[in-house]
Amino acid sequence: MNDIFDTIVCGGSLAGSAAAVTLARQGASVLVLDKAEFPRSKLCGGLLTWKTIQILNALFGETPETLRREGIIRYVSDRYAIRSFTATLAEGSLSYPFHFTDRAELDNRLLYHVRRAGARVREGEEVSGCDPDSGEVILKDGRALRARYIIGADGAHSTVRAAFPEVNLNAMRRLTAATIEVKILAGDFPEPVDRPILYVGFMEAGYGWVFPNGDHVLIGICGLRRRDTHFAKLFRTYLDVLGVDPAVLSYQRGHPLPYGSFLHDPVHGNALLAGDAGGYVEPLFGEGIFYALSTGMYAGRAVARSLATGIDPGPEYLRDLHHTILPELRGSNTLRWFLFRVMKLFGPGSIRRFVKLGAGPLGDMVHGKRSYHWLKKKDWRFPQPGE
Ligand SMILES: Cc1cc2nc3c(=O)[nH]c(=O)nc-3n(C[C@H](O)[C@H](O)[C@H](O)COP(=O)(O)OP(=O)(O)OC[C@H]3O[C@@H](n4cnc5c(N)ncnc54)[C@H](O)[C@@H]3O)c2cc1C
C-alpha cells in the first residue's frame with residue numbers, strides 16, 4: 001500500500017472511532033489500524049453517563065433505544081450505593097440513569113459506523129512505531145505507511161505516545177492505576193445487584209465496584225500502586241468480603257487505567273494523542289469512555305479543519321481540550337485527593353456527610369450536567385447529530 005492518507009488513526013476503539021468518523025465525514029482519507037480483530041474483549045465496567053449518551057448520539061446517531069436493540073446496553077439503573085466493607089455509606093437515585101454496556105459490542109458497533117462513513121479499517125495490524133514529524137507509521141512486520149497526520153488512539157500503553165520525546169513516561173506511570181475486573185453470572189453473586197455499588201475506604205487512592213450487566217455482574221478494583229499494595233491479594237480479600245466464591249471466576253485480568261496522568265500538551269509534530277493514550281480519564285471514578293470519545297472527536301475536528309485550511313491542528317485541539325476537558329479532569333483530581341485524604345483521616349464514614357451535603361448536584365456532576373469545577377452548570381456544546 002503506497003497511498004499517503006490524510007490521517008492514520010492508530011487504535012480503532014472509542015477515541016479512534018470518534019476521530020475517524022469525524023474526519024471521514026468531512027471527506028478526509030482515513031486509515032484506522034488496530035492490532036485486534038473485532039469484536040475483541042475489553043476490560044471495562046461499561047458504565048455510560050448522561051454526557052456519554054449525548055456524544056454517542058451526536059457522533060454516531062446511537063441512542064439508548066438503538067443500543068438496547070443491538071444488545072449493547074445490558075442494564076439501566078438510576079440508583080446507586082456507596083459502601084465500606086462494613087456499612088452502607090450512601091444510597092439513592094439520580095436525575096438520569098446509568099446505562100451498562102457490553103464494551104466489546106459497543107466498540108464493534110462504533111467501528112461499523114466508521115466504515116460506513118468511508119474510512120478504511122484494518123484489523124490485526126499492530127503499529128510498532130511512528131515518526132510524528134514525517135507522518136510515517138511502522139507496522140510490526142516492518143511495512144511503512146504514511147499520512148499527513150497521525151492520531152494516537154492506541155490506549156494506555158500507547159506506541160504513538162512513545163515517539164513524543166517531551167512526555168515523561170515515568171510520571172505518567174506513577175499516575176496510572178492498576179485494575180482487576182471479573183465478570184460472573186448474576187446468580188453467582190450473593191445478592192441481587194440492581195444498581196452500581198462502589199466500595200471505598202480499603203485503598204489509599206482507589207475503590208472497588210460491583211456493576212449490574214444483564215445476566216452478569218462485573219466486579220473490579222482500581223487504585224494507584226503503593227509500595228506495600230499486593231493487588232491480587234487485595235482483590236481476593238475484596239471477593240471474600242463480597243462473599244463471592246473464587247471458584248465461579250472463569251478469568252481474572254488486569255489493565256492499566258490512567259488515573260490523574262492526563263497530558264496538557266498531547267501534540268507533537270503532525271501527531272495528536274486522544275483517549276487513554278493522552279491519559280484522558282476522569283481521576284476520581286475512572287470514567288474514560290466519554291473522555292475517549294470527546295478527545296477523539298476534538299482531535300478529528302482539528303485535523304479536518306487543518307486539511308481544509310492548511311492551518312496547524314495543534315492549537316485548535318489544545319484550545320478545545322483546555323476549554324472543555326481539562327477543567328473537568330483538574331476539578332475531579334482535586335476532589336479525589338480531598339476525599340481520599342478525608343477518608344484516611346476520619347474513616348470511610350466521612351463520605352456519608354459529604355454525599356448528604358448535595359447528592360443531587362453531585363450526581364449531576366458525575367453525569368456531566370454540572371462541572372467538577374465548583375458544580376457549575378456545564379455546557380459541553382455537543383455537535384448536533386450529523387453536524
Ligand atoms: C477495569 C476497567 C474498568 C473501566 N470501567 C469504565 C466504566 O465503567 N466507564 C467508563 O467510562 N470508563 C471505564 N474505564 C475506562 C475506559 O475503558 C477507557 O478509558 C477507554 O476504553 C479508553 O478508550 P480508548 O479508545 O482511548 O482506548 P482503548 O479502549 O484502550 O483502545 C485502544 C485500542 O488500541 C489498540 N491498540 C493498542 N496498541 C496498539 C498498537 N500498537 N497498534 C494497533 N492498535 C493498538 C487496542 O487493540 C485497542 O482496540 C475502565 C477501564 C478499566 C481498565
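Predicted model, so just to flag it, every value in this text is computed and none were measured.

About the thresholds
Residues numbered from 1 in each chain as written. Predicted model: local features only at pLDDT ≥ 70, side-chain atom pairs only at ≥ 80, totals over all residues. Heavy atoms only, no water. Helix = DSSP H or I, 4+ residues; strand = E, 2+ residues; numbered from the N terminus. Rg over C-alpha atoms; globule rule 2.2 N^0.38 Å. Contact = heavy atoms within 4.5 Å. Areas by Shrake-Rupley, 256 points an atom, 1.4 Å probe, with all protein chains shown as cover. Lys, Arg positive; Asp, Glu negative; His and termini not counted. Charge placed at Lys NZ, Arg CZ, Asp CG, Glu CD. Axes fitted to C-alpha atoms, helices over the stretch in contact; angles between N-to-C directions. Parallel < 35°, antiparallel > 145°, perpendicular 65-115°, else oblique. Left-handed = near helix turned anticlockwise from the far one by under 90°. Nonpolar A, V, L, I, M, F, W, Y, C, P; charged D, E, K, R; others polar. Near = heavy atom within 4 Å. Polar contact = N/O pair within 3.5 Å; in protein donor to acceptor, adjacent residues only side chain to side chain. Core = buried A, V, L, I, M, F, W, Y, C linked by side-chain atoms within 4.5 Å. Buried < 20%, exposed > 50% of the residue type's maximum accessible area, 1.4 Å probe, protein only. Expected span 1.5 Å × (residues − 1). Arc of directions from axis to C-beta. Pairing = 2+ DSSP bridges. Right-handed = clockwise from strand over helix to strand, strands pointing away. Salt bridge = Lys/Arg side-chain N within 4 Å of Asp/Glu carboxyl O. Phe/Tyr/Trp six-rings, centres within 6.5 Å; stacked < 30°, edge-to-face > 60°. Lys NZ or Arg CZ within 6 Å of the ring centre and 35° of its normal.

Novice: Break down the overall build of the protein chain for me, with residues and values.
Specialist: In terms of helices and strands, the protein chain carries ten helices and 17 strands. Relative to the 2.2 N^0.38 estimate, which gives 21 Å for 387 residues, the radius of gyration of the protein chain is 20 Å and therefore close to what a compact globule would have. Along the first, second and third principal axes, the C-alpha set of the protein chain runs to 60 × 45 × 45 Å. Contacts in the protein chain between residues at least 24 apart in sequence constitute 70% of all its contacts with a sequence separation of at least 6. Just so you have it, the protein chain exposes about 16,700 Å², and 50% of that area is on carbon and sulfur atoms. Taken as two groups, the 47 positive and 41 negative side-chain charges of the protein chain have centres that lie 5 Å from each other.

Novice: Explain the packing of helix H1 (residues 14-25) against helix H7 (residues 289-309) residue by residue, including any values.
Specialist: One can describe the packing of H1 onto H7 by two numbers: an axis separation of 7 Å at closest approach and a directional angle of 30°. Taken together, the axes of H1 and H7 lie roughly parallel to each other. For the pair H1 and H7, the sense of crossing is right-handed. For the pair H1 and H7, the contacting residues are Leu 14, Ala 15, Ala 18, Ala 19, Thr 22 and Leu 23 in the first and Ile 289, Ala 292, Leu 293, Gly 296, Met 297, Gly 300, Arg 301, Val 303, Ala 304 and Leu 307 in the second. For the contact of H1 with H7, the per-class residue count stands at twelve nonpolar, three polar and one charged.

Novice: Pulling in residues and values, what's your account of the site of the ligand?
Specialist: As a matter of local geometry, the ligand sits amid 37 residues, with Ser 13, Asp 34, Gly 45, Arg 103 and Asp 276 nearest to it. Between the ligand and Asp 276 there is a distance of 2.7 Å, counted from an oxygen atom to a side-chain nitrogen or oxygen. Here the ligand has 1,000 Å² of accessible area as a free molecule, and 94% of this is covered by the chains. Looking at the shell around the ligand, the elements with two or more residues in it are H1, strand S2 (30-34), strand S12 (206-213) and H7.

Novice: Break down the nonpolar core for me, citing the residues and quoting the values.
Specialist: By size, the foremost hydrophobic cluster in this structure holds 80 residues, and its most contacted members are Ile 8, Val 30, Tyr 280, Leu 293 and Tyr 317. Per element, the largest residue contribution to this core is twelve residues, and it comes from H7. In contact with Leu 293, other than residues within four places in its own chain, are Leu 14, Ala 18, Thr 52, Ile 55, Leu 56, Leu 59, Phe 60 and Leu 110.

Novice: Lay out helix H6 (residues 231-242) with the relevant residues and their values.
Specialist: With twelve residues, H6 should cover 16 Å at 1.5 Å per step; its first-to-last C-alpha distance of 16 Å lies within 8% of that length. Considered for burial, the residues of H6 that qualify are Phe 231, Leu 234, Phe 235, Tyr 238, Leu 239 and Leu 242. Down the axis of H6, the sector holding all buried residues measures 140°, keeping them to one side. At its buried positions, H6 is contacted by strand S10 (176-185), strand S11 (197-199), S12 and strand S13 (216-224). Taken from the residues just after H6, Gly 243 is the one with a positive phi, measuring 80°.

Novice: Describe in detail the pairing of strand S1 (residues 4-10), supporting the description with residues and values.
Specialist: With six of seven residues buried, S1 is to be regarded as a mostly interior element. When S1 meets S2, the two strands line up parallel, connected through four bridges. Among the inter-strand pairings, Cys 10 is bridged to a residue of S2, identified as Leu 33. Following the backbone out of S1, through H1 and into the adjacent parallel S2, one traces a crossover that is right-handed.

Novice: Any chance you could break down the pattern of salt bridges for me, citing the residues and the numbers?
Specialist: Inspection of every chain in the model, using the stated rule, returns 22 salt bridges. Asp 379 is the partner of Arg 381 in a salt bridge, and the nearest nitrogen-oxygen pair spans 3.7 Å. Among the charged side chains, a salt-bridge network with shared partners connects Arg 79, Glu 91, Asp 194 and Arg 195.

Novice: Which residues make up the packing of aromatic side chains, and what are the values?
Specialist: Aromatic rings in a pair are described by how distant their centres are and how their planes are angled relative to each other. Applying the stated rule across the entire model yields 15 aromatic pairs. Their ring planes at 80° and their centres at 5.8 Å tell us that Tyr 199 and Tyr 238 sit as a pair that is edge-to-face. Of the two residues, Tyr 199 sits in strand S11 while Tyr 238 sits in helix H6, which places them 39 residues apart along the sequence. Taking relative accessible area as the criterion, Tyr 238 reaches 0% and is therefore assigned buried. Here a set of aromatic residues connected by ring pairs shows up, and it is made of Phe 85, Tyr 199, Phe 202, Phe 235 and Tyr 238. Lying over the aromatic face of Phe 231, Arg 225 brings its terminal NZ or CZ to 5.7 Å of the ring centre. Residue placement shows Lys 378 over the ring face of Trp 380; its charged tip is 4.6 Å from the ring centre.

Novice: Give me the lowdown on the pairing of S13, citing residues and values where you can.
Specialist: Across the nine residues that make up S13, a large majority, eight, are buried. Pairing of S10 with S13 involves nine bridges; the strand directions are antiparallel. Within S13, the residue paired with Thr 179 across the bridge is Cys 222. Two elements, S12 and S13, share eight bridges in a ladder whose sense is antiparallel. Residue pairing in the sheet places Val 210 in a bridge with Ile 219 of S13. As consecutive antiparallel partners, S12 and S13 are separated by two residues, and within that stretch Gly 214 has a phi angle of approximately 65°, a positive value.

Novice: Account for unusual backbone geometry, naming residues and giving values.
Specialist: With an omega of 0°, the peptide bond running from Phe 38 to Pro 39 counts as cis. Despite not being glycine, Trp 374 has its phi angle at roughly 60°, a positive value. Owing to a relative accessible area of 73%, Trp 374 belongs among the exposed residues under this scheme.

Novice: Quick one: what's the story with the side chain of Thr 7, residue by residue and with numbers?
Specialist: Relative to the assigned elements, Thr 7 resides in strand S1. Its relative accessible area of 0% is what places Thr 7 among the buried residues. Among all residues touching Thr 7, those that are not within four sequence positions of it are Leu 23, Ser 29, Val 30, Leu 31, Ala 147, Tyr 149, Ile 151, Val 303 and Leu 307.

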